[in-house]
Amino acid sequence: MTAELILFLIVALTAIGAAVAMLMSRNTVYSALFLILNFLAVAVFYLILGAPFIALAQITVYAGAIMILFLFVIMMLGAERLKELDPVKWQRPAAIAITLALAAEGTYIVFSKLNPSYVVESFSGNLADPVSIGTLLFDKYALPFEVTSLILLAAVIGAVVLSKAEKKESEQ
Amino acid sequence: MSGIPLVYYLGLAVILFSLGAAGVLIRKNALVVFMSLELMFNSANLLFITFSNYYKALDGQILVIFVLATAAAEVAVGLALMVAIFRSKGSIDLDQMNKLKG
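Calculation notes
- Residues numbered from 1 in each chain as written.
- Chains lettered and ligands numbered in written order.
- Predicted model: local features only at pLDDT ≥ 70, side-chain atom pairs only at ≥ 80, totals over all residues.
- Helix = DSSP H or I, 4+ residues; strand = E, 2+ residues; numbered from the N terminus.
- Buried ≥ 20, exposed ≤ 12 C-beta atoms within 10 Å, placed from the backbone.
- Contact = placed C-beta atoms within 7 Å.
- Axes fitted to C-alpha atoms, helices over the stretch in contact; angles between N-to-C directions.
- Parallel < 35°, antiparallel > 145°, perpendicular 65-115°, else oblique.
- Nonpolar A, V, L, I, M, F, W, Y, C, P; charged D, E, K, R; others polar.
- Pairing = 2+ DSSP bridges.
- Expected span 1.5 Å × (residues − 1).
- Arc of directions from axis to C-beta.

A. Examining the overall build of chain A more closely. Across its full length, chain A holds 6 helices and 1 strand. Reading the helices (α) and strands (β) of chain A from amino to carboxyl end gives α-α-α-α-β-α-α. Out of the 172 residues in chain A, the part that is buried amounts to 23%. Restricting the contact set of chain A to residue pairs at least 6 apart, pairs at least 24 apart contribute 56%.

Structure representation (structure tokens):
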């Protein structure tokens, strides 16, 4: 086993373990913290795959901004110890069966249709310095970029309207 | 550096996506379901970056930036919705959101 493969296995196990722990933990705050661990592990993969800009965007936007928003809402609602009612009897086994089928199907397709000798290079130089990303973003992808800004604007307005309308109703 | 087989990364992405799907199907706390959605987004992003490296094309990384921005917008609206639902029902258990049930 090369050092590269060992690094891959360690980070992959961290990511999968954090995801499983997120699903299992009863306390929603722990779920959010495990999800942050998962995002950090995936950010390490981005670094290995030669995408340092995306790795840092992942850490600041996902692990930073979005998950802090989650934690903020969890603590505001006091939802960290939500009582889960009795599940429908067949729900859990059915969900696990469907998930296993999905995973088996995906793994089968990946490992049967692709040649295992295809190799992804690690630490392959500066494929993605911020200059080339910015050039591509504002040149070839200028229109999608503008559309994304519209989506963000709509989201901001939507969030404000959603929380404001409720306030008015409670005042009446 | 010899590199890591492409299928390992794809297998990891499949596993993470399945775990996210399991979370959506099993958990009833709407916030945890939301986090599972983020997990699925994340595995798709991992695929984009992997193929961006494999084909030595930057376009995959640009797409990840768009996914990040869209996910941020989705989380902002979703969490505002969840706060509104919690205010009106006092709970965010998905099984209790059955007002439309006849």
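Alright, that's what it looks like, and here's the rest.
B. Quick look at the packing of helix 1 (residues 3–24) of chain A against helix 1 (residues 6–26) of chain B. Close contact between helix 1 of chain A and helix 1 of chain B brings their axes to 10 Å; oriented N to C, the two are set at 5°. The angle between helix 1 of chain A and helix 1 of chain B falls in the class roughly parallel. In this structure, helix 1 of chain A uses A:F8, A:A12, A:A15, A:I16, A:A19, A:V20 and A:L23 to contact helix 1 of chain B, whose residues at the interface are B:Y8, B:L12, B:I15, B:L16, B:L19, B:A22, B:G23 and B:I26. Per-class residue counts for the contact of helix 1 of chain A with helix 1 of chain B are 14 nonpolar, 1 polar and no charged.

C. Up close: the interface of chain B and chain A. Contacts between the two partners involve 64 residues from chain B and, on the opposite side, 75 residues from chain A. Taken together, the elements giving at least two residues each to the side of chain B that touches chain A come down to strand 1 (4–5), helix 1, helix 2 (30–54) and helix 3 (59–89) of chain B. In terms of residue count, helix 3 of chain B provides more of the side of chain B that touches chain A than any other element does, 22 residues in total. Here the side of chain B that touches chain A is composed, by residue class, of 45 nonpolar, 12 polar and 7 charged. Note that strand 1 (residues 119–120) of chain A and strand 1 of chain B share 2 bridges and pair antiparallel. Across the sheet, A:V119 pairs through a bridge with B:P5, a residue of strand 1 of chain B.

D. Quick peek at unusual backbone geometry. One non-glycine residue with positive phi stands out, namely B:K56, at about 55°. Topologically, B:K56 is positioned in the loop between helix 2 and helix 3.

E. Layout of helix 1 of chain A. All names here are of chain A. Compared with an ideal rise of 1.5 Å per residue, which puts 22 residues at 32 Å, helix 1 spans 31 Å between its outermost C-alpha atoms and is within 8% of the ideal. Taken as a whole, helix 1 has its buried residues at F8, A12, A15, A18, A19 and M22. The arc that holds the buried residues of helix 1, viewed along the axis, is 125°, so those residues lie on one side. Opposite the buried face of helix 1, by more than 90 degrees, sit the exposed residues A3, I6, I10 and L13.

F. Geometry of the environment of B:F48. Residue and element names in this part refer to chain B. Along the chain, F48 falls in helix 2. In this structure the C-alpha to C-alpha distance between F48 and D59, which are 11 residues apart in sequence, comes to 8.8 Å. Each residue touching F48, except ones within four places of it in the same chain, is listed here: G60, L63 and V64.

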